Amino acid sequence: MEIIDKALEFEKRKMKSLSNSERVEISREAKSLILELNTIYKENKDEEIMDLMKRLTAIKRKVEKRLNMQPLP
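Residues numbered from 1 in each chain as written. Predicted model: local features only at pLDDT ≥ 70, side-chain atom pairs only at ≥ 80, totals over all residues. Heavy atoms only, no water.

### Observations regarding the environment of Leu18
Considering the arrangement of structural elements, one finds Leu18 in the loop between helix H1 (2–12) and helix H2 (20–44). Residue classification places Leu18 among the buried positions, given a relative accessible area of 16%. Residues within four places of Leu18 in sequence aside, it is in contact with Arg23 and Ile26. (Helix = DSSP H or I, 4+ residues; strand = E, 2+ residues; numbered from the N terminus. Buried < 20%, exposed > 50% of the residue type's maximum accessible area, 1.4 Å probe, protein only. Contact = heavy atoms within 4.5 Å.)

Written out as structure tokens, the structure reads:
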């Protein structure tokens, strides 16, 4: 399962001191990984895949929360 390996590698990446364009890229990559994992999950109903999707979603939300913050005046 190549997609699972990609997702685990994505999860281990460092997410500190990112530019806005890097955050957008990470958010899009996380979304595509989650959607691909979801298609596998629909067939197998494997709880490990669901847990991986939940962890990726948490990372995605954290990055997007930081992206959508308004800068201080």
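### Re the confidence of the model for the protein chain
Taken residue by residue, the protein chain gives an average pLDDT of 87. The fraction at 70 or more is 95%. The weakest mean pLDDT in the protein chain belongs to H1 at 89; the strongest belongs to H2 at 91. (pLDDT = per-residue confidence, 0-100.)

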